[in-house]
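Here is what each chain is made of, one letter per residue.
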Amino acid sequence: MKRILLLCLFLFSAKSSLLNAQNFGTFASAVWITDCNTSNFFNTTGEGASIIGPVENTFTETNFGVFTQNSGTFILRGGEVKTFKNSSGNACSVRMNYRIYLESETPGAFSIIDFPFFEDCNVGSSEFPSGGPCGEGDQKWQRVIADGETTPFSPIDLTNFNPGNYVLEVFYDATGDLNSNSECNDTVFVNNSGENFKAYFAITEQPAFIFENPTTCDGSEGSITISNLNANSVYLFSYSDDGDTIGPNSITADENGNYLISDLNAGIYSDFNFIINNCTTTSNISINLTDPIVNPPTSVGNQTVCEASPIQTLTANATTSDGSIVVWYDAAMDGNIITNPTLETVGSITYYAEAQNETSNCISSTRTAVTLTINPAPNAPTGETTQTICSPLAVIFTLNNLIVNGANLQWYADLEGTIPLPSDTPLANNTTYYVTQTVDGCESNEYLAVLVILNQFVTPTFAFESELTICENDTVPVLELISTNGIEGSWNPSSIDNTQNGIYTFFPTDECATSFTLTVTITSPAIPTFNFENEITICTVAQAPILPITDNNGISGEWSPAVISEENGNTYTFTPNENQCADFFTLNVIISSFPSPVFNFGNTITICSGDDVPVLPEVDNNGINGFWDPAVIDNTAGNTYTFIVNNSECASNFTLVVTVNQPTTPTFSLPESVCFNSESFSLPTISDNGIEGVWNPSEINTTQEINYIFTPNSTFCTDEITTSFIIIDEFSISFVEKCENNEFSVEAIIDENIVGTNYVWMNENNQTIGSNSPFLNVTQYIRSTTETETFPLNFSVTVTNSDGCISSQSLSIENIFCGIQKGISPNGDNLNDYFDLALLDVEKLSIFNRYGRKVYSLNNYTNQWYGQTDDGKELPSATYYYVIEFKNGESKTGWIYVMREESR
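Residues numbered from 1 in each chain as written. Predicted model: local features only at pLDDT ≥ 70, side-chain atom pairs only at ≥ 80, totals over all residues. Heavy atoms only, no water.

1. Considering the state of the cysteines
One covalent bond between the sulfur atoms of two cysteine residues makes up a disulfide.
Part 1 of the reasoning: This structure, assessed with the given rule, holds nine disulfides.
Part 2 of the reasoning: Across the disulfide, Cys92 is cross-linked to Cys184 (sulfur-sulfur distance 1.8 Å). Across the disulfide from Cys92 to Cys184, rotation about the S-S bond amounts to roughly -85°, and the bridge is consequently left-handed. Of this pair, Cys92 sits in strand E5 (residues 90–102) while Cys184 sits in the loop between strand E10 (164–177) and strand E11 (186–190); the two residues are 92 residues apart in sequence, bridging distant segments of the chain.
Part 3 of the reasoning: The partner cysteine of Cys675 in its disulfide is Cys805, sulfur to sulfur 1.8 Å. Linking Cys675 and Cys805, the disulfide has an S-S dihedral of approximately -85° and is accordingly described as left-handed. Here Cys805 lies in the loop between strand E60 (793–801) and strand E61 (806–813) and Cys675 lies in strand E50 (residues 673–675), a separation of 130 residues in the sequence.
Part 4 of the reasoning: By relative accessible area, Cys675 is classed as buried at 15%.
Part 5 of the reasoning: Using a relative accessible area of 5% as the deciding quantity, one classes Cys805 as buried. (Disulfide = S-S within 2.5 Å. Helix = DSSP H or I, 4+ residues; strand = E, 2+ residues; numbered from the N terminus. Buried < 20%, exposed > 50% of the residue type's maximum accessible area, 1.4 Å probe, protein only.)

2. Observations concerning the environment of Trp628
Part 1 of the reasoning: Within the secondary structure layout, Trp628 lies in strand E47 (residues 626–629).
Part 2 of the reasoning: Taking the C-alpha atoms as reference points, Trp628 and Phe643, separated by 15 residues in sequence, lie 4.5 Å from one another.
Part 3 of the reasoning: What Trp628 contacts, discounting residues up to four positions off in sequence, is Phe599, Phe601, Leu616, Pro617, Tyr641, Thr642, Phe643, Phe654 and Leu656.
Part 4 of the reasoning: At 2.7 Å, the side chain of Trp628 and the backbone oxygen of Pro617 are in polar contact. (Contact = heavy atoms within 4.5 Å. Polar contact = N/O pair within 3.5 Å; in protein donor to acceptor, adjacent residues only side chain to side chain.)

3. With respect to the side chain of Thr159
Part 1 of the reasoning: Along the chain, the position of Thr159 falls in the loop between strand E9 (156–157) and E10.
Part 2 of the reasoning: By relative accessible area, Thr159 is classed as buried at 0%.
Part 3 of the reasoning: Here the side chain of Thr159 touches Ser71 through a polar contact of 3.4 Å, landing on its backbone nitrogen.
Part 4 of the reasoning: Separated by 3.0 Å, the side chain of Thr159 and the backbone nitrogen of Gly72 make a polar contact.
Part 5 of the reasoning: For Thr159, the residues in contact, after removing those within four places along its chain, are Phe67, Thr68, Gln69, Asn70, Ser71, Gly72, Thr73, Phe74 and Ile203.

4. Quick notes on the sheet that holds strand E53 (residues 721–724)
Part 1 of the reasoning: Read across the sheet, three strands follow the order E51-E52-E53 without closing on themselves; strand pairing throughout is antiparallel. Both outer strands of the open sheet, strand E51 (693–696) and E53, are each paired with one neighbouring strand and no more. Pairs of neighbouring strands in the sheet enclose a mean axial angle of 25°, with direction left out of account.
Part 2 of the reasoning: In terms of strand pairing, E51 meets strand E52 (residues 707–712) through four bridges, oriented antiparallel. (Pairing = 2+ DSSP bridges. Axes fitted to C-alpha atoms, helices over the stretch in contact; angles between N-to-C directions.)

Structure follows, in structure tokens:
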């Protein structure tokens, strides 16, 4: 403890000479720098424990080293200055002036970063809150700009400058006053006795790479030259050779900033890593060193031929353009060397030509494929060696008429194939022709010999013609196996079917006889038609129709029985005469008595006036025809309607009696309107005139205007009715806060054109605290209660309008602030003696003098301050700054004047 105390005494004794010399000034300064080693303050002025940055961090004349352009590894972020002042001086602001320029060029103008006030000295502990010894009146001014900040300043990335050797030069100026504790009329400079504070650094470009490939295969003549390094500088350097890490090793760039990596073989070189003054630069470039390229041979061409007799020999050929020799293999990779790349059998083979350069000892990276193919000659065409052609007289046949199986046929007149014939060559009787085929471009080496014989055609004849028509199921002729002109053969089908149409073909066994075709058409028997259907009904004793012996289409025949009986029902059959291709006809006769017509509506109908009525049909349910008198039912008046049967019908007339009643409409006594969102009520289920039914909806909806439909339980002759209710719009309530005579009140404002007839004010305990007025005096209400009110205060008001509709609205009052005193005069006359905030729900009051020093504070303040300090000492007449913190989280600041009677 003694050692610390002595140190503090030393610091203050050192600073006392400054205080004696001037009333304000600076006693330490530093620049904040971020580089690859640290991010901290670098001291420009200060001694002992008063310095700002670590003792080893010195800015002036420091060479920070080499940085790669645009790497973001060297950044100026601002700095800090410590100032002092005594009661006769004042410190107002601090700035840092800086400029960056090439060592070889003339410096430019300075830029400015201002340092805002950071903190005062904690006099009680003689320490700054952020650390470091201090005395009364000492202050810190600081700005350290973080990444991403842009307002009011951005960090200065010094690596954004072009490559070169640079100077970073700074000085500071502080404004204040040497003889006033409130003015700012003087400026002091911290500038190293006019030389300013200078540090140095270098910027280099990103490394660049130039490479040379090896000159022989598997050789190590390759190299990589790296440029844009800092000349004559030492780097810790590593890289990757085909995935293996080389280094890190110490390398030195030459005077031009270059470094050569030599004796490299073919491979991939990447991940180049440079470290200088702890700054790492990594290049992601990948360099592929390759052996000399030898072009593959050029093929003279693939060879494809057809098999000859005897078979031929093919040889693969390829050439090179650079003097390389050609070596043949049996595979595209690896494989065996082939000394004689030939083909002497049917099939295909591929040889692969590789170029070998005897100078560079390199071979081509790929081989050139050459394919030799001998396609097989096809077999000779197939077919009958003797072919007979039957034809009518004067018809000329050609080689195209011979039947031969093969593709792309070629005919010859001789066995040796020396005399080719076109396919349209006319045939000569008893002559041999020779034919080959060509498949996939290859002609057969063998031939098919065909002997040609020419004969005449003959046509078979039969007892019937080539077309025959018969009636279904009639007798058909037999199909003979020998024609009438003696030609034998067979039929397909072998016999005629007398139930369906068919085609029957005779195939002769003699190849020079033509086939014969018989077309058989089967006709269906006609159905006799008469003026009556298959069934008729006649009334008893009515005259029966006569049965005709010829139908409507002229088919003649006989009936059995021949005459219809008028007393008994029976079945009568018409049989057509022979050779007419007609069918039987059957008639069923029914003898009927007099029935009564039947309808779905019965003999009586009762309806309500205007109801739908049935259409009177002209045919009853049993098919009896007739007409009505009257023809249409009147749905407004009762009547009798008669169905009169047609004379031809075997039935009696029918009578319908229609009764028409008048409808009843339900009536109700209901209101015309309801208040919006008022209590709902059910609609009555019995009308004023005694009709029971149901409503849909059954309850009044007081939020929207809809239709309500009453449906009677009895749907007979009672009307359904629809009604609706006018919804009186809900009105809104707003509030206006007012201060009059330092009293806070609230007025309830309702919508325009709405007349309020009653107002009821309630507190948050639902106690009525006011009525019959749109105004609530909150100040008077608070003063009237015995409780200590806590803000916010919650109230509600309920308003009834002239239509009897009610609307309620709540409000919350955060404070009843009506203005704060401009001053107090604590002279004991009970007039403006204290700072009164009793009704403002204050959490805390703080009072500051004009130097910003707190002189008084109190939690849960009401009216306790009358111009005294925290320890009860009387403050002088002056203007003081207050900060009021309310319990709702809000705050207010301002000035209040303390006026005391001056002694005369």
